[in-house]
Structures are given as C-alpha cells and as structure tokens.
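# An overview of the molecular structure
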Amino acid sequence: MRRRLLVLLVAAALATGCTPQPGGRIVYGLTLAPSGIDPHINASSELGIPLTSVYDTLVYQDPKTGEFVPGLAQQWEVSEDGKVYTFYLRRGVKFHDGTPFNAEAVRFNLERIVSPDLASQRARFMLGPYERTEVVDEYTVRIILREPFAPLLDSLSQVYLAMASPTAVQQWGSEYQLHQVGTGPFIFVEYVPGDHLLLRRNPNYAWGPPVYQHRTAQLEEVEFRFFTDPATRSPALESGAADVMGEIPPQDAARLQGSADFRIEAVAIPGVSLMLFMNTTRSPLDDINVRQALLFGTDRKAIISAVFRDTSPVACGPLAAATFGYNPMVCQFYQPYNPDQAAALLEEAGWKDTDGDGVRDKDGQPLVLDFYLMGWGYMPEVGQLIADQWARLGVRVQSQVVSYPEALEIAKEGRHHLMPFNLSGSDPDILRRFFHSQGGFNWSKVNDPEMDRWLEEGARVSDRNRRADLYAKVQDRVMESALIIPIRDYVNLNGVSNRVQGLRFDARGWFPWLIDVTLRR
Amino acid sequence: MRGNIQAVKQDLGCPKQNVLARALCGVAIPPLQAVSPRRPLRRQPLVLCSLLWLIAAVLGAMLAPYLTPVDPLTTDPSRALLPPGSGGLLGTDFLGRDVLARLLWGGRWTLGMGVGALTLAVVIGLPLGLAAGSAGGWLDGFLMRLVDAWLAFPGLLLAMAGVAVLGPGLSSVTVAVGLAAAAPYARVVRAAARAIRAQPYIEAARAIGASPWRIALRHILPNTAPALLAFAATQLGWVLLNGAALHFLGLGVPPGVPEWGAMLAEGRAYLRDAPWAAVFPGAALTLTILAANLLGDRLGQH
C-alpha cells in the first residue's frame, strides 16, 4: 500500500514537474526596432516574428516538405491558364474583435494592400501581377491575375499577406499598426515602439493549420523586447532578461552551446546567400578572367571559420541551400581556394606587377577595386578578410562603408566594383530581382537575354519540376559567368533558454510558431 | 555695466578655480602678470607621467615600422583571438592580427586626427576670437552670438552632423571634429584678448597711434599665447575623445584600419572571450585623453 502510494507520488511529481505545463510567459528578443510594423505596409523581417502569431494566412507552407497546406482557406483551385485562384474559406473563423472572417474580408485585405494610398513596401510586390479579387459567395473568393504568377501561394503563406480585421483597419486608419487585429493564436495587446510588444493567448482559437501541433496557444503571454546591439544579446539571455533571442553573434553562440541552461537553435534561412556582386560593366571586372581569378583567390572557408566560427555553411552559388530550387551542382565551381590559379588567371589577363609595389598593373593602371559595403550583416568583417586575401594576390581593395540608400544610389550609377548583399525569401523567383537585366538589385549589371527568359518563365509556370530545372540553369549561368562571389548561407542562431520547449520556425526560417511553445517548470 | 554682468555670471555658477573654464563661461581671464610660483615638474608625478605617456604614444606611432616587424593588416585566422603571451605581447584580434602592431600603427590615425583637428580649431577659432576680443563693439557682439549658436549644440552632435554632410572618412572626421572645437576656442581667445585690451599698456599703444591691427597682432596676441596653449592642450583630449567616438560608430576610417576607436568597436564583440582586443585600445585612448587633460589643466593653472 505504502509502496503504491510512493509510486503514485513519484508519478504525480513527474507529471507536474517534468512535463510541459500550459500557461506562463516568455520574453522574446528581437534584434532590430522596425520603423513600422504593419505587415501590409512595412517590409521588415523582424515584424513577422511577433505578428505571425497574431494573424492567419490563407495557406501555410510545411517547412519539411515545402508543400502548401490549408490555413484560412480549406481548399483552393488554380485555373488552367494559371491566372485565376479560387479559395474555399473555412467557416466559423472570427477576428479577435468579433468580426467574422469571410470572402469579403479577403477582398478587403488584398484591395488594401494594392491600394496606392497605402504605399506598401513589400506586400504589394508579393502579389505580382494581381488584378482584382472577386467575392463569389460568403465563403468563396477568387483572386484574378493579369498573367500567371507561380510564387503566389508562397506569398499568400506569409504574414505580409495576412488577413486583418476590416473593422479594426477602418476604425484605426493610419494608427492601425498600434492596434492590430487578426485571427491568430495570440492577441495583439500593446506595442510601444522601440520598447516592447505584448501578445496574449487567444482562448477561442480553433482553426489552426495542420502544421500547428496544438489547438490553442500554450503560453499565456509573450513579450517582445528589442536588443539591437549584438553584444548585449547573449548577456540578456544569460541574465534571464530574455528567454529566446535571435541572431546571437557566432562567438557567443559557441559559448552558449556548451552551457547546461541554454541551447542554440540554428535555422538555415532560405533566400539569396551573402555574396559580392561584381560589376561586369566596369573595368577591370568586365574581364571574366579577372572575375574568375577573384573567385579562386577568395578563401571562403577561412572567412566562415574566422568571422562565423563555422556556424554557417560556405555558399556555393546565389541561392542558399535551404531554398527550393537550389542546385547543388554549383558547388563544383571555383573550388577549392586556389591562389596560384588566381594569379595565373590575372597574369593571363595581362595584370602583372611591373613596378614592384605589390599591386598588379596593366597599361599603367594599378589593379584597385572600389568595394562599397554596408555596416551590418558582418559585411565589414568579411570585407577586411577579403581585402587582405586579395592583397596577397596583388589586388588592392578600397573599401568604404555606406548606408543602404547610398548603396542603392551607387549601384544604380554603377560606381562600384564590388558590393555585398543578402536577402531572405523562400521562393527562387527572388533570383529575378538580382540577375534579370531589369531586376532592381541587378548589381552585377548583367544583361543575358537567355537568363532573362529563364527567369521570366520560372515566375510563370507552376510545375515545380520545370521551375527547379529553370532555376538550376540560372544558378549555373550565374557561376559560369562569374557574376558573384558567394560567401555564406544565412543561418539564424537563436539562443534559447532550456525552459522553453517546442520552438519551431516556419518555412521562411525567421518566423516562430509560438502556439506550440511550452515552458518546462 | 559689463562688470556687473560678469559679476552676475560668476555668481550664476561659473567655476571658481579654473580660469579657462571660467573664460568659457564668459568671464574675462585676469591678466597674466601674477603667475603662480612654479613647482618643478619632478614634484608633480601626474603631470610628468602624462607628458611621458604622450611622448611615448607619439614616438610609438612614428616609429611603428621599426618597433614591430608585424604588419597591422595581415590576417591569419588560425591565430585568431590568442591571448597576450602566446599571440604576441598584447594578443591577437578576431582575424589573427597582432594587437600591439595595430595599436602602434593606429596611433598614426588617432593622434594624427587629433593634431589635425586641433590645428583646424586653432586656425578658425583664433582669428575669430582675436577679432572679437580686440575690436569689441558690434563685431564682438556679432561674432559671439554666432559662437553662442555654435556652442548651443553639443560638440559630438555637431561633429556627427559634419560627418553626415561630408561623408564618412578620416578627413571628414578631422574636419568635423575640428570645426566643432573651434567655437569654444574662439570664446577663450576672445576672453583673454578682452582682458589684455583693458590693460594700460594697450591704451598707451593706442595713444601713440598704433593701428588696431598692430595692437591685436603685436600686443594682444603674444600676451594671450600662454592661455591659448593651455586651452589647446585641454581641447586635445576633447578632440581625441570625439574623433574616436566617430570612428567607434563606424563613421570614420574604412573597415580594418587600426584606428583606436575602430579597434575598440571591433573588439567589443569579443569582450567576453578575448577582452584584450578591446581593452588595450580602450586603455590607450583613456590614458592619452587623461594625459592631455592633466597637462592642459596644469598649464591652465598658470
């Protein structure tokens, strides 16, 4: 009898002490304070971290399979010509303010996004060749495009195209970002810009997508705080000021990994790797031999080990390996690091050090390259290492740190030789912005009609295999033509307290599914 | 009337001890005939140490190539973040560069910027202050209101605005910091000049028909020189601090240049694992600024 009691007691202790309990609150550290957080208007990735849990989207993407699964839309059909998407909506869904979710709400949201008055920085462009939305009946809605647009479902699965309460949007107008209302597992309580953002559990939530593991949120509250200085992130985590922290600097991650109370959840972010664009229209980089020499003469492994402490993989091509359509064949190019071959290529191109000053020259011109970089994303650190590696090749680099608007200006005028950038995005159509002759980020100044055609077709066809083929060709071409020097795939090092369990991220890699997070007591 | 205003200002909390600080407050510097008795340098170990440190820093920067065979820009990731001892005398930074070599070479940027900015401050501030102080009248009023407006902005803010206009780089940091330092300098020159202008020998010079130019350049300027030198030394500290701050914020030298402020900013990320990468440039900056201030203070007491 006594023994049985003991067993029962132990079982009870186990049940209460070691299994996750509903309730509780966590503090989640954000790494920059966005200027605005209306997902329909603003472009920041940071805003999606809290707001993904405030809103629902029409569809969701399963990060494991890449397949799209039902969200607020239970089913959908795409017309033969790829221009009409019909969504059959879930019934009984209510916004946090009680407004019912229906076809009219979908139309209201999409029309809001494309309205020129809103001046959307991101959401509008994610809709591509959007024409209009038709309400078929209360729970059926049709999105009509001017031409086929393959990334539409990917767009619709992101918080930027999330469904907001029409009542709240109309009530608050330009103040809406401070009073956001969605249908998601958490309710937006308050936002004090630059200070904190508070979410509270939505007890009525019952329409989560199949990728969520719980029916309602397990935590009572989640508070988001801003830790913009990278050096403060790990101390904040270790002192208990935050329970989860994004973008831990690599050197701190190594230390946290060895601790008993914290762990690092490294999430590979799909999109365009950190890479140096080489301006193919400006001498001497108009010579492919020189560009290839720079690729062979860049020790990327050394960069990854010195700057990133081996926490992220060496990038092989323009697309990060975590992106749909990534072509692993690009890894055969310009590997391994080979300074001798780099020197031989430069000699072949006519660049020799004739005056013995350590810098190669040709026709009296020294081999000096203008390198503009931005002060974030480890670009200055990477830049220093590259400058020193190339100095040994006899190539001098003049680097200058510029702001993002200045960088755009410099790129437009083509004043750069080299400029680094990276961008996250889960659809390979992102390549169109960088390597299409008309792309907004065509910093290599490439003009390849064949590649333009592949990129245009990739945006149109919906067949995944055909798209993968097209983007594989694009990636091959980018590396064959030596347009870029890929450096590293982005990996977000999340520092997590071990009392936080069940933290998972969506297909974008940035946005946590907080509904499933539990606390271990 | 003037005297009354100055008395009021003094009562409103202008510092009582340091003449230079009082000059900034608008109080005329007393004439310099009553110099306090000098104590020999060896009786003032702090001042002596300051002087020695500044000389060492300047020599270190000038002789950097002879003092260390290591290139301050050569990276070697396999030797990253080695502690002092196994990684050279002061350890290595995150790219395996020698911290000592970078400190010595960095003095060229940091101290050079300081001297350059100070020169600029003197070149602009001295004529302004001298003209205002010697001429008096409407010119004085006009120039000093200008200086007042200039002084209304905190110096660092003014310097940051300057860099924003000129674009980042070593020369724009030097110019911006120098311009920001010119206003207080003009104010001190003016106060000293006014004090001298009230002296009987100036009146005598005027009586025998000396031109205002002659009076300003031959009589007032030489007699204000000691005060101006002292204030320049104090300002060296200010200029170094603000210049380093701009470099720290990434508004100055391009990445990789071993300027002390920039080294501090870079080393800060590794403070927990490799404190030497940030502590040594920080200490070098602190000691240099402290030394400049102590020297300036001592000069100002005379």
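Quantities reported herein were computed from a predicted structural model and do not represent experimental measurements.

Cut-offs used in this document
Residues numbered from 1 in each chain as written. Chains lettered and ligands numbered in written order. Predicted model: local features only at pLDDT ≥ 70, side-chain atom pairs only at ≥ 80, totals over all residues. Heavy atoms only, no water. 1 Å grid on protein atoms, 1.4 Å probe; cavity = no way out; pocket = protein on both sides within 12 Å on 5 of 7 lines; lining within 4 Å. Points joined across faces, edges and corners; volume = space filled by probe spheres on them. Nonpolar A, V, L, I, M, F, W, Y, C, P; charged D, E, K, R; others polar. Pairing = 2+ DSSP bridges. Helix = DSSP H or I, 4+ residues; strand = E, 2+ residues; numbered from the N terminus. Axes fitted to C-alpha atoms, helices over the stretch in contact; angles between N-to-C directions. Contact = heavy atoms within 4.5 Å. Buried < 20%, exposed > 50% of the residue type's maximum accessible area, 1.4 Å probe, protein only. Buried area = accessible area lost by both parts, 1.4 Å probe. Salt bridge = Lys/Arg side-chain N within 4 Å of Asp/Glu carboxyl O. Polar contact = N/O pair within 3.5 Å; in protein donor to acceptor, adjacent residues only side chain to side chain. Disulfide = S-S within 2.5 Å.

### As for empty space enclosed by the protein
Any empty space left between atoms is shown by rolling a water-sized probe over those atoms. For the structure on display, the rule yields four cavities of 30 Å³ or more. Here the largest cavity is characterised by a volume of approximately 100 Å³. Classifying every residue of the lining of the largest cavity gives five nonpolar, five polar and two charged.

### Remarks on the sheet that holds strand β7 (residues 140-145) of chain A
All names here are of chain A. Taken in spatial order, the four strands make up an open sheet running β4-β5-β7-β6, and their pairing is antiparallel. The open sheet is flanked by β4 (73-78) and β6 (130-137), the only strands paired with a single partner. Strand-to-strand twist across the sheet, computed as the mean angle between neighbouring axes with direction ignored, equals 20°. Pairing of β4 with strand β5 (residues 84-89), which is carried by five bridges, proceeds in the antiparallel orientation. Bridge assignment links Val-78 to a residue of β5, and that residue is Tyr-85. Where helix α3 (residues 103-114) meets the sheet, it contacts β5, β6 and β7, and its direction lies at approximately 165° from that of β6.

### Looking at the pairing of strand β18 (residues 418-424) of chain A
Residue and element names in this part refer to chain A. Burial within β18 is extensive, with six of its seven residues counted as buried. Both strand β13 (residues 271-278) and β18 contribute to a ladder of six bridges, which runs antiparallel. The partner of Met-275 across the bridge, within β18, is Phe-421.

### Side note on the interface of chain A and chain B
By a widespread convention, an interface's size corresponds to the accessible area lost as its parts come together. Contact with chain A, which involves 23 residues of that partner, is made by 19 residues of chain B. A buried area of about 1,700 Å², summed over both sides, lies between chain A and chain B, and 49% of it is on carbon and sulfur atoms. At the boundary of chain A and chain B, one finds three salt bridges. Scanning the region where chain A abuts chain B turns up eight residue pairs in polar contact (both at pLDDT 80 or more). Only α7 (230-238), α8 (250-257), α10 (300-307), α12 (379-391) and β17 (396-401) of chain A provide two or more residues apiece to the side of chain A that touches chain B.

### Re the state of the cysteines
Residues and elements named next belong to chain A. The final tally for this structure, using the stated rule, is one disulfide over all chains. A disulfide bridge connects Cys-316 with Cys-331, and the sulfur atoms are separated by 1.8 Å. Torsion about the S-S bond of the Cys-316 and Cys-331 cystine: about 85°, corresponding to right-handed handedness. With Cys-316 in the loop between α10 and α11 (339-348) and Cys-331 in the loop between α10 and α11, this pair connects stretches of sequence that are 15 residues apart.

### What to know about the side chain of His247(B)
All names here are of chain B. Along the chain, His-247 turns up in helix α10 (residues 212-248). Within the structure, His-247 has its side chain in polar contact with the backbone nitrogen of Val-253 (distance 3.2 Å). Setting aside anything within four residues of it in sequence, one finds His-247 in contact with Met-113, Leu-170, Val-173, Gly-252, Val-253, Glu-259, Gly-261 and Ala-262.

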